[in-house]
Amino acid sequence: MMGDYGEIFEEEMGRSTVFKDQSKLSPDYVPGKLLHRDEEFREFTRYFRPVLESGASQRVLITGSVGVGKTALARRFGRELESAGKKRGVNMTYAHVNCRKQGTAPMVIRKIASNFPISVPRRGFSPQEILDHVIHFLQKKDSYLTVTLDELDHFVEQNGPDLLYSLTRPFEESGGPNRMSIIATSFSPNFLDILDEATRSTFMHNRIDLNTYNAGQILDILNQRVKLAFKPDTVRGDSVDLISKIASRRGDARFALELLWYAGRVASEGEVEKVSPNQVRRAKSKIHPEVRREVLMDLGEHELIYLLALSRRLKISDEAYATGESVSNAYRVVCEEYGENPLENAELRSFVQKMEGLGLIDVEPSGRKEESRDRDLSISDAPLELMEGVIEKILQRRHGSGDRGGR
Ligand SMILES: Nc1ncnc2c1ncn2[C@@H]1O[C@H](COP(=O)(O)OP(=O)(O)OP(=O)(O)O)[C@@H](O)[C@H]1O
Ligand SMILES: [Mg+2]
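Residues numbered from 1 in each chain as written. Chains lettered and ligands numbered in written order. Predicted model: local features only at pLDDT ≥ 70, side-chain atom pairs only at ≥ 80, totals over all residues.

**Re the overall build of the protein**
Here is step 1: The helix and strand inventory of the protein stands at 17 helices and 8 strands.
Here is step 2: In terms of overall dimensions, the protein is globule-like: its C-alpha atoms have a radius of gyration of 24 Å, near the 22 Å expected for 407 residues.
Here is step 3: Dimensions of the protein along its principal axes, counting C-alpha atoms only, are 65 × 60 × 50 Å.
Here is step 4: Residue burial in the protein is summarised as follows: out of 407 residues, 35% are buried.
Here is step 5: Considering only contacts within the protein whose residues lie at least 6 apart along the sequence, 70% involve residues at least 24 apart. (Helix = DSSP H or I, 4+ residues; strand = E, 2+ residues; numbered from the N terminus. Rg over C-alpha atoms; globule rule 2.2 N^0.38 Å. Buried ≥ 20, exposed ≤ 12 C-beta atoms within 10 Å, placed from the backbone. Contact = placed C-beta atoms within 7 Å.)

Here it is, written out as structure tokens:
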């Protein structure tokens, strides 16, 4: 019956599905056991031993490319830290803050404070006053705090390094022991360059670098989730294999799990009993653009301009690869279009490295000039028009209005 939403609702609720518990596939879910990260977990524990044993404070940096488990490792470690504290009679609170989402230092500080039973009015309190309340609480209860500043590189690039200083200064000035330890996560350690020497060197010495996963490791991670999230025997082995192969190009577990989830949804919509490789392919073609869009939104102005230049270059030449030099030239042209001063080649090379890590571009050593450092570049597998359109839209929005005309 048209418009009978009750009926539609019941029909959908009654539809057979391959899922047992979809929440186990959500990006926020952290499994009890992280696979292939035991050594890193051990390393983490060593860094934190003095914190639990003698109330010292610690700083640790986790680095690694997209989807290698930086957030998951920090959260999982935090959970263990709290329960290990409890066992030893140490009050330890773990707070996890995504700095990119919180955006500003006051928001990060409020988020940290929200882990404590202290009342902070929405207005009228400066971040420093809020921190003082947190410190006072920790001292009164003889408690310790470990904060993860997740995606700190992104935050520091946007806002500068002040957050770190404003977090630690009040503890130093409080006279008592520093009760706050910091775990930072970042794509690379480059953002440390703008921090003071002392902060930089602590993080550099206490660094856990997570490698990208190979196909076998991704397969294990997928199989673990298949058991948790799907009904028995609803995902074909060759489907999981295919996903691990696709995702191992980037070594990105998040992409693998997204693909698995989406393939399951495609199968459920079709009311089939098992997830087949073809549903994986369908899922891949559907989720790609969105994945990219989110990644693109996080890129800086010049990175976007560079990527736009590469897309246009490839479109014009109609070849699989473009030389690094031709892209640099195209980049300068696009800079002019957007009224930006072009950056130096060294910086462009670091963009290439970063975007390769993000799976946005493919890099091959140039076949033409063996002796040069030139590279051939390509866009991994998004259609060029799509890439171009999305980047132009983001750039236009950032520039306020479409006053560049023409395109
Ligand atoms: N070793 C692992 N075992 C099980 N699941 C994992 C493992 N590593 C990552 N995952 C899962 O993969 C997904 C991506 O991991 P996570 O979000 O921690 O990556 P990340 O390094 O923080 O990525 P980003 O740089 O984008 O923030 C999550 O769902 C996480 O639970
Ligand atoms: Mg993360």
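So, next bit.
**Description of the site of ligand 1**
Here is step 1: The full set close to ligand 1 counts 19 residues, and Gly 69, Lys 70, Thr 71, Ala 72 and Arg 254 are the nearest of them.
Here is step 2: By residue class, the composition of the shell around ligand 1 is 11 nonpolar, 5 polar and 3 charged.
Here is step 3: Inspection of the shell around ligand 1 shows a minimum of three residues originating in each of domain 1 (14-27 + 213-296) and domain 2 (38-209). (Near = placed C-beta within 6 Å. Nonpolar A, V, L, I, M, F, W, Y, C, P; charged D, E, K, R; others polar. Domains from an automatic or database assignment.)

**Some words on the UniProt feature "domain: ORC1/DEAH AAA+ ATPase" (unreviewed entry) in the protein**
Here is step 1: The positions UniProt marks with the feature "domain: ORC1/DEAH AAA+ ATPase" (unreviewed entry) are residues 60-167.
Here is step 2: Within the segment residues 60-167, helix and strand shares are 55% and 19% respectively, and the terminal C-alpha atoms sit 15 Å apart. (UniProt positions renumbered as here; feature names shortened; annotations may be inferred.)

**Focus on the packing of helix H14 (residues 301-317) against helix H16 (residues 345-357)**
Two numbers describe a pair of packed helices, the interaxial angle and the distance between the axes.
Here is step 1: Axis separation between H14 and H16 bottoms out at 10 Å; the angle between their running directions is 80°. Considered as vectors, H14 and H16 are oriented roughly perpendicular to each other. Counting all contacts with H14, which are made through Glu 303, Tyr 306 and Leu 307, the residues of H16 involved are Leu 348, Phe 351 and Met 355.
Here is step 2: Residue composition of the contact of H14 with H16, grouped by class: 5 nonpolar, no polar and 1 charged. (Axes fitted to C-alpha atoms, helices over the stretch in contact; angles between N-to-C directions. Parallel < 35°, antiparallel > 145°, perpendicular 65-115°, else oblique.)

**Quick look at helix H15 (residues 324-337)**
Here is step 1: For H15, with 14 residues, the first-to-last C-alpha span of 20 Å sits near the 20 Å given by 1.5 Å per residue.
Here is step 2: Those residues of H15 that sit buried are Gly 324, Val 327, Ala 330, Tyr 331 and Val 334. Angularly, the buried residues of H15 cover 120° about the axis, an arc narrow enough to put them on a single face. Opposite the buried face of H15, by more than 90 degrees, sit the exposed residues Asn 329 and Glu 336.
Here is step 3: Of the surrounding secondary structure, the elements contacted by the buried residues of H15 are H14, strand E6 (322-323), H16 and strand E8 (375-379). (Expected span 1.5 Å × (residues − 1). Arc of directions from axis to C-beta.)

**Some remarks on the UniProt feature "binding site: ATP" (unreviewed entry) in the protein**
Here is step 1: Per the UniProt record, the feature "binding site: ATP" (unreviewed entry) sits at Val 68, Gly 69, Lys 70, Thr 71, Ala 72, Tyr 213 and Arg 225.
Here is step 2: Tracing the backbone shows Val 68 in the loop between strand E1 (59-63) and helix H3 (70-87).
Here is step 3: Val 68 sits in the buried class, given 24 other C-beta atoms within 10 Å.
Here is step 4: Once residues lying within four places of it in the same chain are set aside, the contact partners of Val 68 are Leu 210, Asn 211, Thr 212, Tyr 213, Gly 251 and Ala 253.
Here is step 5: With respect to the secondary-structure elements, Thr 71 resides in helix H3.
Here is step 6: Among all residues touching Thr 71, those that are not within four sequence positions of it are Asp 150 and Thr 185.

**What to know about the pairing of E1**
Here is step 1: The buried fraction of E1 is high, at 4 of 5 residues.
Here is step 2: Of the pairings in the sheet, the one linking E1 to strand E4 (residues 180-186) comprises 5 bridges and is parallel in character. Bridge pairing in E4 links Leu 61 to Ala 184.
Here is step 3: Sheet topology note: the E1/strand E5 (residues 207-209) ladder contains 3 bridges and is parallel. Note that in E5 the partner of Leu 61 across the bridge is Arg 207. (Pairing = 2+ DSSP bridges.)

**Some thoughts on the sheet that holds strand E7 (residues 361-365)**
The strands that make up a sheet are held in pairs by hydrogen bonds between backbone atoms, and each pair lies either parallel or antiparallel.
Here is step 1: Here we have 3 strands laid out as an open sheet, ordered E6-E8-E7, and antiparallel in their pairing. In this open sheet, the two strands that pair with only one neighbour each are E6 and E7.
Here is step 2: With 2 bridges joining them, E6 and E8 adopt antiparallel strand pairing. Directly across from Ala 322, in E8, lies its bridge partner Leu 377.
Here is step 3: Seen against the sheet, H14 touches E6, E7 and E8 and runs at an angle of roughly 90° to E8.

**Some words on the sheet that holds E4**
Here is step 1: Here we have 5 strands laid out as an open sheet, ordered E2-E3-E4-E1-E5, and parallel in their pairing. The open sheet terminates on both sides in strands that have one partner only, identified here as strand E2 (91-98) and E5. If you compare each strand with its neighbour and ignore which way they point, the axes differ by 15° on average.
Here is step 2: Sheet analysis places E2 next to strand E3 (residues 143-150), joined by 8 bridges and oriented parallel. Directly across from Asn 98, in E3, lies its bridge partner Asp 150.
Here is step 3: Sheet strands in contact with H3 are E1, E2, E3 and E4, and its direction is about 165° off that of E2.

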